[in-house]
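This is what each chain is made of:
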Amino acid sequence: MMPEQVAYEARSLFFRYGSAHDRTSWAVQDVSLQVKAGEILGIVGPNGSGKTSLLKLLAKIVRPHTGEITLFGQSLGSASHQEVARQVAFVPQDNQPAFSFSVAETVLMGRFPHRHSSYWGYAFGWESQEDCAVAQQAMRTMDVAHLANRSVMELSGGERQRAVIARALTQTPRVLLLDEPTAFLDLKHHLEICSVLRALKEEHGLTIVMVSHDLNLASQHCDRILMLKDGAVAATGSPADVMSPEVLRAVYGCQVLVDSHPESGLPRVTLPRQLH
Amino acid sequence: MTISPSQPASSMSDRPSSPKSLPAAAVCDAVTFRRAILTLPRWLSVMAILSTAAITLALLCLQIGTQYVSIVEVGRIIGRAFGVSETVANGSSITDTIVLQLRMPRVLLGFLVGSSLASVGVILQALLRNPLADPYILGVSSGAALGVSLAVLFGLGGMAWLIPTLPIYGFFGGLLALVVLYRMSASYDRLPVHSVLLAGVILNAIFSALIMFITSIMEPNRAFGMMAWLMGSLTSTADHTLVALAIYLVLCLAWLFKQVNVLNILTLGEEPARSLGVDTERAKRGILITAALVTGAVVSVSGMIGFIGMVVPHAVRLVLGPDHRLLLPASALVGGMVLMMADTFARSFFAPSELPVGIMTALAGGPFFIYLLVWRKDRLA
């Protein structure tokens, strides 16, 4: 593993929803960023600050209006969706299923980018031993192996979230993009997801970019933080640099308390009892 | 929770210690896992059973009609037609004609139309992520019917190089309805199931009004033929149209069968599908156009036959699961069987007069639809 390798390099991204003629405000404006291979980058910011849009740009779910993104030195714009999906896995926030696929079937969908595009490979091609082994391994990692036979429609929010992360790991990606990975989770699963993400980073050099509302999650688990406001970068740097009362006041418009986490010594953000 | 040390990409084999360290639970998991997914043996056995059932049912349908022909006789007649068994007395030629030239085309047409409608239902349900989607309910069929009626009104839709052209007008009408529906459901992040249905009802009302208008300005005898066709029936088809239609539908269905895995992924929603490597724009375009092609062709021949496209995929999904690799071909076979049966019933129950088969499927399918809408609300939200 080369520690200095760059996973993502983005220069002056502009993006907005709707067609190019709309004069709506930019969802993402003039964002440049660099993600090093094997780091955890947290994207934080107030509601509507363009966090999810930026993540979708990195996943090539949407294309930037102007600006360019490279992934491991290769232009994201010219890569096919399948090529991108072999390297980048995206975990959306909202995963309400429409049909009752079993958990095992859902996780195996993560092998789709690795299919060959011949008629039988693409259409009826059956999962190989390797596909199944990868899926089962991912299900054990995310602690959903015992749910294999259950319908995704019957799962609790936390179980479904873990199943979707297992599907993402089944893509055997180099980069994992997560949108609010802990939004539906209770404390125990919240902790578990965080330690799995750290383990994936530390043991396999997986690059992780996550969007979160939770400043403490970002502070405790991310190597670097990118703070957005109104679609533009407001601050970027290590948790210690970004999580200061001054920066947070400028971005969120309210005074918060910042002290040190008793265990890690990293900044901890607490809300005051009332708005000052 | 086990935070597994091995990379998801690496299989267990390159860690010699893992098989031993894996507890019995892991072996158990592997068995559960195999059971939870669609495997080739299961696919083959289901398809074998359904194909056998379809052939048997077709033979049974050939027996029934104004004149009963025993199954042995049916077998002998088919054998004779293919030159297997020897020709016998002259007296059997009337029965031959009944079975081979009257019943056989209808049974085959019924099977083709039923399979096509069920297949279109499956792909619309996947694409709109809506288990109640159906070309008839969503106004795709009436769009196609409008296209066909316009062509008939202006005296178009003859044959071009032995190819019937009416399906093409049906295609444009059906495509119009599909594009309106799809743009509606895609322009919001997630449109509720019921809103899509409502949009379909409105489209249906508009198209039906236009069809009624066209019928009202036609000469009475052509208008009567038009009404009979609109009610949905499998009568009056020349052999060469049947062959052309069969080739056309088989090509479209073969293309759709190539999309089964893409359909599986598309049920996750458009953005997750794109993040899994599906070129969603291309896939959607292809699937919508093929759905319109199939609906156009079916409607131009058999009029408005409803609910097969909703009821059959729904029932098959309940029994066999939602994996489209099995759902699509199984629904096609079951849909074909259902319409074959319904048509046999329609042409023989009130013999010598006939019930339009579209009326029968609506009478049987409508209540089922209401049941799903009202009592199974929890599964559709």
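Everything below is about the structure printed above this text.
Residues numbered from 1 in each chain as written. Chains lettered and ligands numbered in written order. Predicted model: local features only at pLDDT ≥ 70, side-chain atom pairs only at ≥ 80, totals over all residues. Heavy atoms only, no water.

Attention shifts here to the interface of chain B and chain A. Reports of interface size often rely on the accessible area that becomes lost once the parts have come together. Listed by partner, the interface residues are 55 residues for chain B and 58 residues for chain A. Of the roughly 5200 Å² buried where chain B meets chain A, counting both sides, 64% is carbon and sulfur surface. Taken together, chain B and chain A are joined by two salt bridges. E271(B) is paired through a salt bridge with K56(A); the nearest N and O atoms lie 2.9 Å apart. The interface formed by chain B and chain A contains five residue pairs in polar contact (both at pLDDT 80 or more). Taken together, the elements giving at least two residues each to the side of chain B that touches chain A come down to α2 (24-36), α3 (40-63), α5 (93-127), α10 (239-257), α11 (260-266), α12 (270-275) and α15 (324-348) of chain B. (Contact = heavy atoms within 4.5 Å. Buried area = accessible area lost by both parts, 1.4 Å probe. Salt bridge = Lys/Arg side-chain N within 4 Å of Asp/Glu carboxyl O. Polar contact = N/O pair within 3.5 Å; in protein donor to acceptor, adjacent residues only side chain to side chain. Helix = DSSP H or I, 4+ residues; strand = E, 2+ residues; numbered from the N terminus.)

Our next topic: the packing of aromatic side chains. How two aromatic rings sit relative to each other is set out by the distance from centre to centre and by the angle between their planes. In this structure the tally under the stated criterion is six aromatic pairs over all chains. Look at F15(A) and Y17(A): their rings are 4.9 Å apart centre to centre, the planes differ by 80 degrees, and that puts the pair in the edge-to-face class. Exposure remark for Y17(A): the relative accessible area of 40% places this residue in the partly exposed category. When the ring of F345(B) is compared with that of F349(B), the centres are 4.6 Å apart and the planes differ by 25 degrees; the resulting orientation is stacked. (Phe/Tyr/Trp six-rings, centres within 6.5 Å; stacked < 30°, edge-to-face > 60°. Buried < 20%, exposed > 50% of the residue type's maximum accessible area, 1.4 Å probe, protein only.)

Time to look at the sheet that holds strand β5 (residues 74-75) of chain A. Residues and elements named next belong to chain A. Strand order in the open sheet formed by four strands is β2-β1-β4-β5, and the pairing between neighbours is antiparallel. Of all the strands in the sheet, just β2 (28-36) and β5 have a single pairing partner and so form its edges. Pairing between strand β4 (residues 66-71) and β5: two bridges, direction antiparallel. Of the residues in β5, the one forming a bridge with L71 is Q74. (Pairing = 2+ DSSP bridges.)

So, on to helix α4 (residues 71-81) of chain B. Where α4(B) is concerned, the buried positions are E73(B), V74(B), I77(B), I78(B), G79(B) and R80(B). Against α3 and α5 of chain B lie the buried residues of α4(B).

For the rest of this paragraph, the subject is the pairing of strand β11 (residues 257-260) of chain A. Residue and element names in this part refer to chain A. Direction of pairing for β11 relative to strand β12 (residues 267-270): antiparallel, over a ladder of four bridges. Across the sheet, the residue bridging to V258 is V269, located in β12. With antiparallel pairing between neighbouring strands as the criterion, β11 and β12 make up a hairpin whose turn holds six residues, including G265 at a positive phi of roughly 80 degrees.

As a further point, take the nonpolar core. Counting residues in hydrophobic clusters, the biggest one holds 164 residues, and the most contacted among them are M139(A), L176(A) and L138(B). Here this core takes 14 residues from α5(B), the largest share from any one element. Beyond its immediate chain neighbours, meaning those up to four positions away, L176(A) contacts A89(A), V91(A), A168(A), L169(A), L197(A), L200(A), L206(A), T207(A), I208(A) and V209(A). (Core = buried A, V, L, I, M, F, W, Y, C linked by side-chain atoms within 4.5 Å.)

The subject of this paragraph is empty space enclosed by the protein. To locate leftover empty space, one rolls a probe as large as a water molecule over the atoms. Enumeration over the complete set of coordinates arrives at four cavities of 30 Å³ or more. In terms of lining residues, the largest cavity is bounded by 15 residues, among which E105(A), M109(A), E127(A), N261(B) and R325(B) are the most central. At the level of secondary structure, the elements contributing two or more residues to the lining of the largest cavity comprise α3 (103-108) of chain A together with α11 of chain B. A total of three residues in the lining of the largest cavity trace back to one element, the largest contributor, which is α11(B). When grouped by side-chain class, the residues that make up the lining of the largest cavity number seven nonpolar, two polar and six charged. (1 Å grid on protein atoms, 1.4 Å probe; cavity = no way out; pocket = protein on both sides within 12 Å on 5 of 7 lines; lining within 4 Å. Points joined across faces, edges and corners; volume = space filled by probe spheres on them. Nonpolar A, V, L, I, M, F, W, Y, C, P; charged D, E, K, R; others polar.)

Residue and element names in this part refer to chain A. Reading across the sheet, the six strands line up as β6-β7-β8-β3-β9-β10 and stay open at both edges, with mixed pairing between neighbours. Edge strands, defined here as strands with exactly one partner in the open sheet, are β6 (88-91) and β10 (232-237). Neighbouring strand axes in the sheet, compared pairwise and without regard to direction, differ in orientation by 15 degrees on average. Relative to strand β7 (residues 175-179), β6 runs parallel, the two being bridged by four bridges. Within β7, the position partnered with F90 by the bridge is L177. Relative to strand β9 (residues 224-229), helix α10 (residues 245-252) is tilted by about 35 degrees, and along the sheet it contacts β3 (40-44), β9 and β10. (Axes fitted to C-alpha atoms, helices over the stretch in contact; angles between N-to-C directions.)

Residues and elements named next belong to chain B. Together, I55, L59, L60, I71 and V72 make up a nonpolar patch on the protein surface, roughly 410 Å² of accessible area in all. Counting only elements with at least two residues in the nonpolar patch, the list comes to α3 and α4. Per-element accounting of the nonpolar patch gives the leading share, three residues, to α3. (Patch = residues over 30% accessible without salt bridge, like charges linked within 9 Å, V, L, I, M, F, W, Y side chains within 5 Å. Areas by Shrake-Rupley, 256 points an atom, 1.4 Å probe, with all protein chains shown as cover.)

For the rest of this paragraph, the subject is the environment of T295(B). Mapped onto the elements of the fold, T295(B) is located in helix α13 (residues 280-302). As a C-alpha pair, T295(B) and N261(B) span 34 residues in sequence and 22 Å in three-dimensional space.

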